[in-house]
Every structure is written in C-alpha cells, then in structure tokens.
Amino acid sequence: MQCAAESLARASPRRLGREGVATDAGVPATAPVSDSDVLLRVENLVKYFPVQSASVFQRQRDVVHAVDGVSLEVRKGQTLGLVGETGCGKSTLARCIVRLHDITSGKVTFDGHDITTLSRRSMRPFRREMQMIFQDPYGSLNPRRRVGSIIGDPFAIHGIASGQDRKRRVQEVMELVGLNPEHYNRFPAEFSGGQRQRIGVARALAFRPKLIVCDEPVSALDVSIQAQIINLLADLQRELGLTYIFIAHDLSVVRHVSNAVAVMYLGQIAEFAPVEQLWAHPRHPYTDALLSAVPVPDPDAADRRERIILVGDVPSPIAPPSGCRFHPRCPKAAPTCVSDVPVLEPRLGDAPEHLTACHFPVEDGEDISLARPSIGADDRIIETGILGGSAAGLLGSD
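Residues numbered from 1 in each chain as written. Predicted model: local features only at pLDDT ≥ 70, side-chain atom pairs only at ≥ 80, totals over all residues. Heavy atoms only, no water.

Engineer: Before we go on, may I ask you to explain the packing of helix α4 (residues 147–157) against helix α6 (residues 193–205) in this structure?
Structural biologist: The description of two packed helices rests on the angle between their axes and on the distance between the axes. Two elements in contact, α4 and α6, have axes separated by 7 Å at closest approach and are oriented at 30°. In terms of orientation, α4 and α6 fall into the roughly parallel class. As α4 runs across α6, the sense of the crossing is right-handed. Contacts between α4 and α6 involve V147, I150, I151 and P154 from the first element and I199, A202 and R203 from the second. (Axes fitted to C-alpha atoms, helices over the stretch in contact; angles between N-to-C directions. Helix = DSSP H or I, 4+ residues; strand = E, 2+ residues; numbered from the N terminus. Parallel < 35°, antiparallel > 145°, perpendicular 65-115°, else oblique. Left-handed = near helix turned anticlockwise from the far one by under 90°. Contact = heavy atoms within 4.5 Å.)

Engineer: Honestly, a positive patch on the surface in this entry has me stumped. Any pointers?
Structural biologist: A grouping of R120, R121, R124 and R128 is seen on the molecular surface, where their side chains present a positively charged patch. For R128, the location among the structural elements is in the loop between α3 (120–127) and β6 (130–133). Look at R128 and you get partly exposed, because its relative accessible area is 31%. (Patch = residues over 30% accessible without salt bridge, like charges linked within 9 Å, V, L, I, M, F, W, Y side chains within 5 Å. Areas by Shrake-Rupley, 256 points an atom, 1.4 Å probe, with all protein chains shown as cover. Salt bridge = Lys/Arg side-chain N within 4 Å of Asp/Glu carboxyl O. Lys, Arg positive; Asp, Glu negative; His and termini not counted. Charge placed at Lys NZ, Arg CZ, Asp CG, Glu CD. Buried < 20%, exposed > 50% of the residue type's maximum accessible area, 1.4 Å probe, protein only.)

Engineer: What should I look at first to understand the state of the cysteines in this one?
Structural biologist: Should the sulfur atoms of two cysteines be covalently bonded, the bond is a disulfide. Following the criterion strictly, the structure yields zero disulfides and no others. C358 forms no disulfide, and the closest cysteine sulfur to it belongs to C330, at a distance of 6.0 Å. Assessed through its relative accessible area of 7%, C358 is described here as buried. (Disulfide = S-S within 2.5 Å.)

Engineer: How do you make sense of the packing of aromatic side chains when you look at a structure like this?
Structural biologist: Note on aromatic pairs: each is described by the distance of the centres and the angle between the planes. Evaluated as defined, the whole model comprises four aromatic pairs. A centroid spacing of 5.4 Å and a plane angle of 75° characterise the contact between F155 and F207, whose relative ring orientation is edge-to-face. Of this pair, F155 sits in helix α4 while F207 sits in the loop between α6 and β7 (211–215), and the two are 52 residues apart along the sequence. F207 carries the same exposure label as F155, and that label is buried. Put simply, the rings of Y265, Y286 and F326 touch in pairs and so form one group of aromatic residues. Residue placement shows R128 over the ring face of F207; its charged tip is 6.0 Å from the ring centre. Of note, K167 hangs over the ring of Y184, and the distance from its end group to the ring centre comes to 5.4 Å. (Phe/Tyr/Trp six-rings, centres within 6.5 Å; stacked < 30°, edge-to-face > 60°. Lys NZ or Arg CZ within 6 Å of the ring centre and 35° of its normal.)

Here it is as structure tokens:
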C-alpha cells in the first residue's frame, strides 16, 4: 500500500493553496467556515438500524448504532478523508449523506439546501449534483448490460439525452476517464478491474456533479492500478472543480489525496484535523494506533518505531460502551473515560480546526505502547457485560 502512495505522489503532486500550504477540506460544525465555501454540512447525524428479535415477547427492539451524532462540513473543491476500522460507520455515513439511507435524526445541508427529509422525487434534482463511486468494481456493474448502457443510465433516468446524442455524451465521458470510446458496446466482463472502476467513475461523472463520495474506490485493485485511479480522480478534481469524500483503509493513500481527515470509531468521530496536523500530532490513542500500523519505507525508522497493539475487538454497535466508546481497548483508560462522554474539541493547545474526543489526549513524543490503563478489566463496561477472563491481565487488571 505504501508503494501505491509513493507511485501516485510522483505522478500527481498534492494540491496546495495559494501560498503553497495544503488547504483544509472539511471541518466539523464547531469551527467557523464561510457559508459560501461550504458545499456539504452534516449536523448531528444519527442512523440506527433495527435488529430483528427472535423473541415475540420483547417489546423494545434493539438497534444498531451505525452512526451516532456526526457533524461535518466539507468545503468546495476539496477532499475529506474518512478512515476507521471495518464496521465503524464510514460507508453508512456516506450513504446517509447522499440519501441512499433515510436518516434517523440530524440534518444534511447540500449547497445551501436542506435535503434531510426530501422524498425520492424531490431528491432527483440533487442526484445530478451528488454521486457515489462504489467499492467493488465487479459487483457494482450489471454483467448483463453493455458499458454504454450502464454509463448512459443517468441520461436516461433524468431524460436528458437519447439516441445518438446520448451515445456521444457517453463516449465523451469514457474518453475523459481514459477508456476507449470504441468499447461502448462491450460487457463489463471484457474489462480489467482497473477499467471497471473507470467505468464506475465515468457513470458518476455523467452530469459533472459537485460532490462525489468515493467509498473505498481502490481497495479491490492492484497497487499499480490504485495509483492510476487515484491520479485520475486528482486530475478530474483539478479540471472540473470536484469535491470528494474519500473513504479508505490505506492511510498512506488518504494522506496523499486528502486535505483533512476524520477518524471514526464505533459510529462517532474520534479525531478531526488537517491531514498534516493529524500525522504530525495525533491526539486520540486510536488515531495513534492506526498511524503506527502504516508501513514506513525507511527500515531504520521502522525499527525505531513502536507498534501499538490494541487489545480486544470493536464492541458491538448494538450496545456501545458508556462514556468514551474506545475505553475498553484504550491503554490510557481511566474512570472518567467510563462515566463521561468526551467532547470533540481542540486539546493540548491545538489549532481550532484540530479536534479530538479524548479525556487524556496523546502528547507530542508520548509512547502510548508503554501506557497502562488506570482501571481494571472489571471496570471496563463493554456491550451488556464486562471485559474479563484472559483479557484482564493484558489490560492491566488490578
């Protein structure tokens, strides 16, 4: 994965602001941003999924807390990276933003318009302005339909073009993303994985949208193909002024493409910062653990760095822990972490745009691999019980 980031860095340098400084992409709603610069605003977004109970006598249904109180702002023409473990709510948040999921509560404002409760018919004009590139280039394309028909679907659905005019527009988009327009009548099975992902990009670009949500667009591709797709997205952003929400697990790629990064854990944002600030000064223990797992091309630097190993699995989102949701796995856990929910705010004198939800943030130069929790395993409330057994010794039980 590191090789992919280095390859695309040579081919496409990171976007800089007027004075050569990387610009910020998205900021939580607590930081002041000019409304004219904000394309997307998400306020306290909540999405719960009901769980089917096996008992006919259970009155109250359990719910999965997929996204729980997320607030974000994304600026026009910028890229917001969204990272976190599998199951933390990244894709659900993205689908709520583009209204593929109905929202339990909260508010989504797109280009100055509240789209939170719009019907499918009312959402149709906004579909032209916000599109999504899906993770799987194999599963997201209908194998029984020709590529020209797949890319041309937006024109057909919105009644924009038909016949030869539609074919011409589709071939223009295919050429824009590096596909041969003469392959208009081919089936998806006749293309490689990278070409299929370009088809997905072409479909998303049909109407030149303002916002594109990239849900792990390169995770299923080879390293060399990853670099091609990411460079393609960067080139299109410069040419068309696109705004991206980029979801990925590869932190090296996220660092390259993003202007700001939001770290999610169990449905909530643990830390938010401009990309270079996050890498230079990670404050949340979870962020520090994620960054410690990123491969380093320098063998000497890799030998000097301590890998932070988190104990246990992510708690169930059906019954998330009290207080800080990371406390059952945190090496700095204390009684306050169990009882109080940390506020997402600047810590340790950080800039206003660097926000962390942690009672005991990581200081510069601190090695949390040496840290031990000040509470025992019996005090760590996880799901509907406690974390005990063999894990108690690993977590520093008294």
